[in-house]
Each structure stands twice: as structure tokens, then as C-alpha cells.
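# Overview (structure and organization)
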Amino acid sequence: MKEITLRVFRYRPETEAEPTFQEYAVPLRDDWAVLDALNYVKEEIDPTLSYRWSCRMGICGSCGMTVNGDPKLSCGTFLVDHAPGPITVEPLRNFPVIRDLVIEMTDFMQKLGAVQPWIIRDESDDDPHTELLQTPSEMDDYKRYSMCINCMLCYSACPVYGLDSKFIGPAAIALAQRYNLDSRDEGQEERLDVLSDDEGVWGCTFVGECTRACPKGVDPAGAIQRAKLIAANEAVKAFLLPRWVR
Amino acid sequence: MTTGLWQRLHRQRVPLLWWTSRRTYLLFVLRELTSVAVVWFVVYLLLLVRAVGAGPGEYERFLDWSARPWMVAINALALALAVLHTITWFMVTPQAMVLKVRGHRVPGLVLAGALYVAWFAVSAVILLLVLS
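Residues numbered from 1 in each chain as written. Chains lettered and ligands numbered in written order. Predicted model: local features only at pLDDT ≥ 70, side-chain atom pairs only at ≥ 80, totals over all residues.

Along the backbone of chain A there are nine helices and seven strands. Overall size of chain A, expressed as C-alpha extent along the three principal axes, is 70 × 40 × 30 Å. The buried share of chain A, reckoned over its 246 residues, is 40%. Within chain A, contacts between residues at least 6 apart in sequence are counted, and of these 67% link residues at least 24 apart. (Helix = DSSP H or I, 4+ residues; strand = E, 2+ residues; numbered from the N terminus. Buried ≥ 20, exposed ≤ 12 C-beta atoms within 10 Å, placed from the backbone. Contact = placed C-beta atoms within 7 Å.)

One can read the domain layout of chain B as domain 1 (18-84) and domain 2 (97-132). Between the C-alpha centres of domain 1 of chain B and domain 2 of chain B there is a distance of 23 Å. (Domains from an automatic or database assignment.)

Turning next to the interface of chain B and chain A. The interface of chain B with chain A comprises 16 residues on the first partner and 24 residues on the second. Taken together, the residues of the side of chain B that touches chain A sort by class into nine nonpolar, five polar and two charged. (Nonpolar A, V, L, I, M, F, W, Y, C, P; charged D, E, K, R; others polar.)

All names here are of chain B. UniProt's entry tags residues 25-49, 70-90 and 110-131 with the feature "transmembrane region" (unreviewed entry), counted in the numbering of this structure. The span residues 25-49 carries 96% helix and 0% strand; its end-to-end C-alpha distance comes to 37 Å. Taken end to end, residues 110-131 is 100% helix and 0% strand, and its first and last C-alpha atoms sit 31 Å apart. (UniProt positions renumbered as here; feature names shortened; annotations may be inferred.)

An ideal rise of 1.5 Å per residue puts 30 Å on 21 residues; helix H9 (residues 220-240) of chain A measures up with 30 Å between its terminal C-alpha atoms. Elements in contact with the buried residues of H9(A): helix H4 (153-157), helix H6 (170-180), helix H7 (188-195) and helix H8 (209-213) of chain A together with helix H5 (69-96) of chain B. (Expected span 1.5 Å × (residues − 1).)

Turning our eyes to something else, we now look at the domain arrangement of chain A. Residue and element names in this part refer to chain A. Along its sequence, chain A is carved into domain 1 (3-103) and domain 2 (106-240). Taken together, the twelve residues of domain 1 in the interface contact twelve residues of domain 2. Its residues placed into classes, the side of domain 1 that touches domain 2 shows five nonpolar, six polar and one charged.

Another aspect to go through is helix H6 (residues 108-131) of chain B. At 3.6 residues per turn, the α-helix brings residues three or four places apart onto the same side. For H6(B), spanning 24 residues, the distance from its first C-alpha to its last is 34 Å, which sits close to the expected 34 Å at 1.5 Å a residue. With respect to burial, H6(B) is a largely exposed element, only zero of its 24 residues being buried.

Residue and element names in this part refer to chain A. Of the pairings in the sheet, the one linking strand S3 (residues 64-67) to strand S4 (residues 70-73) comprises four bridges and is antiparallel in character. Residue pairing for S4: Thr 66 is matched across the bridge by Pro 71. Hairpin connection of S3 to S4: two residues between the antiparallel strands, including Asn 68 at a positive phi of 50 degrees. (Pairing = 2+ DSSP bridges.)

Here we come to the nonpolar core. All names here are of chain A. The biggest cluster of nonpolar side chains holds 66 residues, and the ones touching the most others in it are Val 34, Val 89, Cys 154, Ile 173 and Leu 175. Looking at this core element by element, the count peaks at seven residues for H6. For this core, the two domains that each supply at least three residues are domain 1 (3-103) and domain 2 (106-240). Discounting residues that sit within four places of it in the chain, Val 89 has contacts with Leu 6, Arg 7, Val 8, Phe 9, Val 34, Met 65, Val 67 and Leu 101. (Core = buried A, V, L, I, M, F, W, Y, C linked by C-beta atoms within 7 Å.)

What follows is the structure, given as C-alpha cells:
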């Protein structure tokens, strides 16, 4: 069987001060993704290799890596598309590396929580036996943004986040917009404090690479520009109108 | 003594020339840098308005100054940069602008097409004014 070379980023902090690259020859099978090749390396060649993965079907968002320079889900990136190789596999960019291909994601998780990505609603007037109905058009407004799987590929693609890690980032803003645009939600004002901050939507310079990197077609760049419009509208209203009119 | 996780993390650095590593990054940087050409045309317009306000003599001097080869070269370069600036913004506008007609989002191609049509229409009107 034909083989292809994986050139894998290795960082073993207990023995090495700096990262290195290690090459592995793996079978070049038509139906193998980079993740399958890494699993082959782990099981057959080198059990010390560390990386995250779970579902193998582009749902869990765990196996994001940099493959030949591009942020990709390793379960959806096929070896044959990169033949004859070698295929360079590195951790997601813009994040600290714990070990090999495993990145530290606390910063992202905190930012995600900061935008309150859940439905905020005063339920005191709601009838618990009545559904909150939406028209297809109302659902279309946010459905695209609800497809986010928190894989962080957009953070890896975003040069703004790479240069300034205080920037709240594409996925967190897209998820905030997912709820802001939901007709059942009333939390737009609560999220605005975080979104309209200097490190919120205004940090984005609209490079657009987050949208190209997204494996689920979420379009975080579009979400951020729409959030800018909302933030600007609210700022103008706050400046011109008395509180009871807004 | 064991070392804490935060001390052992490997921090990846963004290279100084990060914007050359990808075509889209380069286009983005060009889009931002070419805004200088737009600023130049605003300044040039203000100078023209000042010359017109100052009378025929000053206006003639402005025209002579504008006809110098180095000024023509600057304006030709600025025009090319401003066109690039406009096109790169038109490329991303449909992503940022959500326009709905009868509950349906207007497709990006239609929106971008409308921008180009408006751009050419305004340019044609200005050309007619200049040539007439």
C-alpha cells in the first residue's frame, strides 16, 4: 500500500524546551482523514503523541488542528487531498500549546461565557403551556449562527485575535448574535456591554478569514458586522433619545 | 519541584510578516492601506474648492499645478489604489449587509451587482459633467 508522510508538531515540556517536528509514514488510504492517520500513529507507531478528538464526524469540534497551514477539523481533512505529501500537522494557531497538538482553551471558554449564549427572557408573563412560536423567516435570522460547534478554527484564522488575545473573537460574537437575533430572546441589552466594548465587535477589522475557516458555514464575520450595526444604533439612541423612548 | 501548567505552555508567536502568509490577509492589508488614497482625494478636493473660492487666478494656478507630470502620476496612482479599495470593500459588503425583501434575504451577488451599477452610474454622470 502507498504511504504518505505526516510531519507532526511535537512539544513535550517535561523533556524539551522548544517544539520539534516528527515524521511518521502512514498508509495512504482513500477513506482516511488526518485524524485516522493520527490514530494509526498513536496505536501502531508512537503512543506518546497527544491530540484531542471525539466524534470523528465534524460535530464535536474537538479535533481542530493546523493542517498544511490551514485551520481544519482533522476528521474532515482527507489524506488523498494532500497527496503526495508530506502533510504538516500543527496545533491551532493563536493558542498556547499544552503538549503536542493539544491547545489551552480556557481563554475561549471564558469569552464564550461572557456573552451569555443562552436565551435570556423575563418569563413571568409567559404561559408555561404555550409554545413560543417563530416564523421560518424569524428562524432564518439566526439559524446559520446556531451551527457553531466551538471548534475554535475561527480564532486560529483570526489575525486580530493572534495579535491581541483580549479581542473577544469570532465564535463568541457569532453565538451572541445567534441569541440576539432570536425572536424569543430579550437579552440583547445585557450582551451589549461585552459586545460594544473596545475588545468586542469594534476590535474586528473585517479580515473575513474566520468565515472561510468555519467548517459549519457559520459566517462569524457577517455576524460581527451585524453586531456592529446594532451597537452603533444603540449608541446613537443612547446619545439622542431619553431613556423612556429607547 | 513540579512546574505549573502556565509556566510550561508553549506560546506561539505571530510572525512579523503574518499578512504575507495568505492571499486574503494581503488583500485585507491592501484594503486598509489603500484608504490613504481616498484621504488624498478628499484633500485634493478641498484644495480645489479653496482655489475656486479664491478667484480665477488661483484656480488657473491650481490647474497648472495639477497638470504637472508628478501630480498626474500621483493622481493616477491614487486612482488605481482607490479603485482597489472600492473593489475590496464591495467584495465584503454583501457579508456585512443583510437586506431583506418580502422576508427573503437579497442574494450577495445581487447586492454586489447593485453596488457596481450605482458606482458606474455615478461615474458616468461625473464623466458627462466633465466632458460637456
